[in-house]
Amino acid sequence: MCNACGNPAVPGHWTEAGAASPGDRLRARYQRTALLNRLLRPYGLSVADGGAVPGYQLSTLSGAVTLVNDLGALWEEAERLIGRPVDPLDARYLNG
Amino acid sequence: MADLMRLTILGGYLGSGKTTWARHQLYVGAFGPDVHVIVNEAAEVPVDDALLTAPGGVTLLAGGCCCCTGQAALIAALRGLCDARSQGKGPSRVLLETSGLADPGAIVRAIQADPVLIHHVRVDEVLVAVDALHAAAQLTAEPLGRRQIEAADRLILTKVDAAPDLDRLRATLRVLNPTAPITAAVRGEDVALPPETKADPLPLPALPEETAPIRPTQIHLPKGMDWSVFTLWLSALLHARGNDLVRVKGVVRTPAGRLLLQTVRKVVQAPEILPESAHAEDDVIVFIGRGYDPANLPRSLAHFTG
């Protein structure tokens, strides 16, 4: 755990369990970031996984950036910014 | 993972036979040579601790149900055991007998949210005792009774020797929790259940707290489904619908191996790697929940992968 920021407080988020090698892990990070950007762009949000900073950086169009530790925290922060949760069962996500 | 303290949670409604079951199982040594027992009683005046003896000792937490008001006491007790363990004196297994008013799901949630316990405790199994005599009445009227069943990994039917109609009860339990195996016990001793004959489940009227019945849905993951895409979708789904999605369970093939995925409401257990086997049930995920159209789950997943 980092003494300055307390991260990571828990050992690996469950979503990161599926990778066996560092290559897999890196690929998964790129893939997640790309998908998150595709999903969140309509809400005016963008996501970066800087590499040097742990977790994700969630930015609004006005330039405000929040650091979040994992996907669970990311969805929480997105809900706070949007005003409602990003719901995969929302009609916008049901067409092909 | 091997040296984590293994925690078994034993829940069940008031008077469902939790202590009786635990007492016999401890007597026959079902939980190993050094098991420590934590007994929780919602009432101020405890009874159960007098009935139980365990090789690793018994801790009593009285005067507060450990899924809500007594949660801090439970966390402190577990941390104490972890402390002792790191000095080589603690137990390797712990059996937690909850009060009859506890929601086991809430306890799992509290343990996973604790920054110390998450490193030291593995929740082995959530057992829920079901009173074969009275469960029917509890399930039709009590939201809590249903929540306990929903949170179980294994259901133990108690008092089966005195119960009139096991088939209907078993069918009802399967409606509430289709994945948990059902075993039976009489005064704590395991007994074999008679073969199940087809029976109609009991009607489960909507209770004030819950509006729709809980239904299981199976999703076959598309071939070559990527774990990171699937979990991104699932994490969003659990965040938005976690209170409705009572349970998600399945085995997913990943580059790291076969991963066992299990959730209780919004809590996801750290995925466990299972040994290889040519099992046909891989990449099938069971969703148990309410408040959504089951057909929308694969459609939404397809949108995320597309």
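Residues numbered from 1 in each chain as written. Chains lettered and ligands numbered in written order. Predicted model: local features only at pLDDT ≥ 70, side-chain atom pairs only at ≥ 80, totals over all residues.

Caption draft 1: View of the overall build of chain A. When helices and strands are tallied, chain A shows 2 helices and 3 strands. Going from the N terminus to the C terminus, chain A shows its helices and strands as α-β-β-β-α. When burial is assessed residue by residue, chain A has 20% of its 96 residues classed as buried. Taking the intrachain contacts of chain A between residues at least 6 apart in sequence as the baseline, contacts between residues at least 24 apart amount to 21%. (Helix = DSSP H or I, 4+ residues; strand = E, 2+ residues; numbered from the N terminus. Buried ≥ 20, exposed ≤ 12 C-beta atoms within 10 Å, placed from the backbone. Contact = placed C-beta atoms within 7 Å.)

Caption draft 2: Representation of the sheet that holds strand β5 (residues 121-131) of chain B. Residue and element names in this part refer to chain B. Spatially, the 8 strands line up as an open sheet ordered β3-β2-β4-β1-β5-β6-β7-β8, and their pairing is mixed. Edge positions in the sheet fall to β3 (58-62) and β8 (189-191), since each of these pairs with one other strand and no more. Each neighbouring strand pair of the sheet contributes to a mean axis angle of 25°, computed without reference to strand direction. With 4 bridges connecting them, strand β2 (residues 36-41) and strand β4 (residues 93-97) associate as parallel partners. (Pairing = 2+ DSSP bridges. Axes fitted to C-alpha atoms, helices over the stretch in contact; angles between N-to-C directions.)

Caption draft 3: Here's a closer look at the interface of chain A and chain B. Chain A puts 27 residues into the contact, and the matching count from chain B is 31 residues. Secondary-structure elements contributing two or more residues to the side of chain A that touches chain B are α1 (22-40) and α2 (71-82) of chain A. At 5 residues, α1(A) tops the list of elements feeding residues into the side of chain A that touches chain B. Split into classes, the residues belonging to the side of chain A that touches chain B amount to 17 nonpolar, 6 polar and 4 charged. (Nonpolar A, V, L, I, M, F, W, Y, C, P; charged D, E, K, R; others polar.)

Caption draft 4: Fine view of the sheet that holds strand β3 (residues 65-68) of chain A. All names here are of chain A. If you trace the 3 strands from one edge of the open sheet to the other, you get β1-β2-β3, paired in antiparallel fashion. In this open sheet, the two strands that pair with only one neighbour each are β1 (45-48) and β3. Within the sheet, the average angular offset between the axes of one strand and its neighbour, ignoring direction, is 25°. The pairing of β1 with strand β2 (residues 56-60) spans 4 bridges and is classified as antiparallel. Bridging across to β2, Ala 48 finds its partner in Gln 57. Docked against the sheet, α2 engages β1, β2 and β3, running at close to 10° with respect to β2.

Caption draft 5: Fine view of the packing of α1(A) against helix α9 (residues 227-241) of chain B. The N-to-C vectors of α1(A) and α9(B) enclose an angle of 45°; their axes lie 9 Å apart at closest approach. One way to sum up the angle between α1(A) and α9(B) is to call them oblique. Once α1(A) is placed against α9(B), the crossing between them reads as right-handed. On α9(B), the residues touching Ala28(A), Gln31(A), Arg32(A) and Leu35(A) of α1(A) are Ser228(B), Val229(B) and Leu232(B). Among the residues forming the contact of α1(A) with α9(B), the class breakdown is 4 nonpolar, 2 polar and 1 charged. (Parallel < 35°, antiparallel > 145°, perpendicular 65-115°, else oblique. Left-handed = near helix turned anticlockwise from the far one by under 90°.)

Caption draft 6: Highlighting helix α10 (residues 296-305) of chain B. Residues and elements named next belong to chain B. Those residues of α10 not exposed but buried are Leu 297, Ser 300 and Leu 301. The buried residues of α10 occupy an angular sector of 100° when projected down its axis, which confines them to one face. The inward-facing, buried residues of α10 contact β9 (215-220), α9 and β14 (284-289). (Arc of directions from axis to C-beta.)

Caption draft 7: Spotlight on the pairing of strand β6 (residues 154-158) of chain B. All names here are of chain B. Counting buried positions along β6 yields 4 of 5 residues, so the element is predominantly enclosed. Alignment of β5 against β6, held across 5 bridges, turns out to be parallel. The residue of β6 that forms the bridge with Leu 127 is Arg 154. Here 4 bridges tie β6 to strand β7 (residues 182-186), and the two strands are oriented parallel to one another. Each residue of the ladder has a partner; that of Leu 157, found in β7, is Ala 184. Handedness of the crossover is the feature at issue here: the chain leaves β6, passes through helix α8 (residues 166-176), returns alongside β7, and the resulting connection is right-handed. (Right-handed = clockwise from strand over helix to strand, strands pointing away.)

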